[in-house]
Amino acid sequence: MRLNNVTPITGGRDIDILIEDGKIKSICQSGDSETSIPGEPTIEFHNAIAFPGLINSHDHLDFNLFPQLGNRIYKNYVEWGEDIHLQNKNIINSILKIPQELRIQWGIYKNLLNGVTTLVNHGPKLDVKDELITIRQESYSLHSVQLESKWKYKLNNPFIDKNCPVSIHIGEGTDEISEEEIDRLIKWNLLKINIICIHAVAMNEEQAEHFKAIVWCPDSNYFLLGQTAEIARLKNKTQILFGTDSTVSAGWNIWEHLRLARKTGMVSDTELVNMLTVLPADIWGIPNSGIVKPGYAADIAIAKRKSGTKAMDAFFALNPEDILMVMHNGKIRLFDEDLHAQIMGQGNSLEGFHKIYLGDAVKYVSGNLPGLLEEITKYKPIKSSIPGYIRW
Ligand SMILES: [Zn+2]
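Residues numbered from 1 in each chain as written. Predicted model: local features only at pLDDT ≥ 70, side-chain atom pairs only at ≥ 80, totals over all residues.

Participant: Give a description of the overall build of the protein that names residues and reports values.
Facilitator: Each helix and strand in the protein was counted, giving 14 helices and 19 strands. Its C-alpha atoms give the protein a radius of gyration of 21 Å, near enough to 21 Å, the size a compact globule of 392 residues would have. Once the C-alpha set of the protein is aligned to its principal axes, its extents read approximately 65 × 45 × 45 Å. Out of the 392 residues belonging to the protein, those deemed buried represent 45%. Taking as baseline every contact in the protein between residues at least 6 positions apart, the subset at least 24 positions apart corresponds to 70%. (Helix = DSSP H or I, 4+ residues; strand = E, 2+ residues; numbered from the N terminus. Rg over C-alpha atoms; globule rule 2.2 N^0.38 Å. Buried ≥ 20, exposed ≤ 12 C-beta atoms within 10 Å, placed from the backbone. Contact = placed C-beta atoms within 7 Å.)

Participant: Can you tell me about the sheet that holds strand 13 (residues 239-242), naming the residues and giving the values?
Facilitator: The sheet built from 5 strands is open, its strands ordered 9-10-11-12-13 with parallel pairing. With one partner strand each, in any of the chains shown, strand 9 (140-144) and strand 13 form the two edges of the open sheet. On average, adjacent strands in this sheet sit at an angle of 25° to one another, irrespective of strand direction. Of the pairings in the sheet, the one linking strand 11 (residues 195-199) to strand 12 (residues 213-216) comprises 3 bridges and is parallel in character. Looking across to strand 12, one finds that Ile198 is bridged to Val215. (Pairing = 2+ DSSP bridges. Axes fitted to C-alpha atoms, helices over the stretch in contact; angles between N-to-C directions.)

Participant: So what's going on with the domain arrangement of the protein? Which residues, and what values?
Facilitator: The domains assigned to the protein are domain 1 (2-53 + 288-391) and domain 2 (55-283). Measuring from the centre of the C-alpha atoms in domain 1 to the corresponding centre in domain 2 gives 27 Å. If you look at the interface, domain 1 gives 31 residues, while domain 2 gives 38 residues. Ranked by residue count, the leading element in the side of domain 1 that touches domain 2 is helix 14 (residues 369-378), at 4 residues. The residue makeup of the side of domain 1 that touches domain 2, split by class, is 18 nonpolar, 9 polar and 4 charged. (Domains from an automatic or database assignment. Nonpolar A, V, L, I, M, F, W, Y, C, P; charged D, E, K, R; others polar.)

Participant: Describe the environment of Phe63, listing the residues and the values that go with them.
Facilitator: Tracing the backbone through its elements, the reader meets Phe63 in the loop between strand 6 (54-59) and helix 1 (77-87). Setting aside its immediate chain neighbours within four residues, Phe63 contacts Ser246 and Val248.

Participant: Before we move on, could you go through the nonpolar core and cite the residues and values that matter?
Facilitator: If you look at the biggest cluster of nonpolar residues, it comprises 108 residues, and the most contacted ones within it are Ile49, Leu112, Cys197, Ile214, Trp216, Leu241 and Ile302. Of the domains in this structure, domain 1 (2-53 + 288-391) and domain 2 (55-283) are the two that each give at least three residues to this core. When sequence neighbours within four positions are dropped, the list of residues in contact with Ile302 reads Leu3, Val6, Phe45, Ala48, Ala50, Leu324 and Met325. (Core = buried A, V, L, I, M, F, W, Y, C linked by C-beta atoms within 7 Å.)

Participant: Residue-level account of the environment of Asn348, with values.
Facilitator: Here Asn348 shows up in the loop between helix 13 (340-344) and strand 17 (353-358). For Asn348, a count of 13 C-beta atoms within 10 Å translates into the label partly exposed. Remark: the alpha-carbon pair of Asn348 and Asp183, spanning 165 residues in sequence, is separated by 57 Å.

Participant: Explain the packing of helix 7 (residues 218-225) against helix 9 (residues 254-263) to me, and be specific about the residues and the numbers.
Facilitator: One way to put it is that helix 7 packs onto helix 9 with a least axis distance of 8 Å and a crossing angle of 80°. One finds that helix 7 runs roughly perpendicular with respect to helix 9. Two secondary-structure elements touch here, helix 7 through Pro218, Asp219 and Tyr222 and helix 9 through Glu256, His257, Leu260 and Ala261. Of the residues assigned to the contact of helix 7 with helix 9, the class counts are 4 nonpolar, 1 polar and 2 charged. (Parallel < 35°, antiparallel > 145°, perpendicular 65-115°, else oblique.)

Participant: Now, about the sheet that holds strand 7 (residues 116-121): what can you tell me, with residues and values included?
Facilitator: Adjacent strands of a sheet form backbone hydrogen bonds with each other and so pair up, either parallel or antiparallel. On the basis of which strands lie adjacent, the open sheet formed by 3 strands has the order 6-7-8 and parallel pairing. Two strands lie at the open edges of the sheet, namely strand 6 and strand 8 (134-136), each paired on one side alone. Across the sheet, the mean angle from the axis of one strand to that of its neighbour is 20°, orientation sign disregarded. The sheet contact formed by strand 7 and strand 8 spans 3 bridges and is parallel. If you follow Val120 over to strand 8, its bridge partner there is Arg136.

Participant: Please set out unusual backbone geometry residue by residue, giving values where relevant.
Facilitator: Located in the positive-phi region is Lys192, a residue other than glycine, with phi close to 50°. Phi at Asn329 takes a positive value of approximately 45°, unusual for a residue other than glycine. Mapped onto the elements, Asn329 comes out in the loop between strand 15 (323-328) and strand 16 (331-336). Since 18 C-beta atoms lie within 10 Å of it, Asn329 is described here as partly exposed.

Participant: Could you give me a rundown of the packing of helix 3 (residues 100-113) against helix 14, with the residues and numbers involved?
Facilitator: Between helix 3 and helix 14, the shortest axis-to-axis distance is 10 Å and the interhelical angle comes to 135°. Here helix 14 runs oblique to helix 3, going by the angle between their axes. Considering the relative orientation of helix 3 and helix 14, their crossing is left-handed. Side by side, helix 3 and helix 14 meet where Leu102, Gln105, Trp106 and Tyr109 of the first sit next to Leu369, Leu372, Glu375 and Ile376 of the second. Its residues assigned to classes, the contact of helix 3 with helix 14 shows 6 nonpolar, 1 polar and 1 charged. (Left-handed = near helix turned anticlockwise from the far one by under 90°.)

Participant: I'd like a description of helix 5 (residues 176-188), backed by residues and values.
Facilitator: Over its 13 residues, helix 5 extends 18 Å from the first C-alpha to the last, a length consistent with the 18 Å expected when each residue adds 1.5 Å. What helix 5 keeps buried is the set Ser178, Glu181, Ile182 and Leu185. Across the axial projection of helix 5, the buried residues extend over an arc of 105°, all falling on one side. Among the exposed residues of helix 5, those pointing more than 90 degrees away from its buried face are Glu176 and Lys187. As for helix 5, its buried residues are in contact with strand 10 (166-170) and helix 6 (205-208). (Expected span 1.5 Å × (residues − 1). Arc of directions from axis to C-beta.)

In structure tokens:
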């Protein structure tokens, strides 16, 4: 299959991407007829940008039906957790009544609709049936220093695969307790395991040197704590990846998270894109991923370019409704109605795809998302994260 006439967000001329056996076979400049293969199924785009399917380095798949829960700005995650369990108990219980399997499926769709093709799940290993996107559960997750019992023993378990990173929520707060817990983690990392820190809001540069990477989740941080990690300084000491976290603390739209991150001015546009593509592929050990390049997995997102915007500005202006196509391992997982005639005209069938509306946009999505949403509503959650502009 060929995806023709798309603009890479890194700039340059429009390109055609040839996909074969789930991988990117070749890339050439658009209109280079010498490389076209007669009879090859082709989708022509106009005014479209292409980028690697995003890698979301932090989420809790089964927590994505929760609405954002919080009643004020908190000093740390323990204070937040206690408060919402007290004040928002009814909402929490109404969501937990929905079977975990349905919650996991919605978590996958939340990511897919946003253009994410790889997600790193935090927490106990989940039984994921539909791999519409790649779900990474290979890293060893600890909840946090304060809420994971026996974390010191678990961290120093001699049977831990040293090549497999340990991820842990750490420094999720603005008080002294949050800063001190980072020192405790450093002190007790006796085997010098590669640790990937989630949040690190209270972390200073000296502490950052001890870790393999930080997963920056600004939307969640601002909501809970009113501030985020000092990425401008921390980025000089360790690698920075990007995560959404679940909807219990963050909005469902990753593009709003990215605009928030960009607005902080702490990172360049290229740095921010790398946090969602090449860097996580390297840090989490996902081979041949995170770049649109021959030999790499055909995990590609293509989106509408708003008129008058250049590639990077167009990228950061996106919302889920602007995404024209998401391809995962060479398979189309989602496409916009604009492409319907082209895709159908090449002898494809819509079997396995269902239609949903994102505002005025119509998307065809792999699997039965409308059925899932219907099923979820039967449990009558008091409030959920499914935005009103998703209709089915
Ligand atoms: Zn988390």
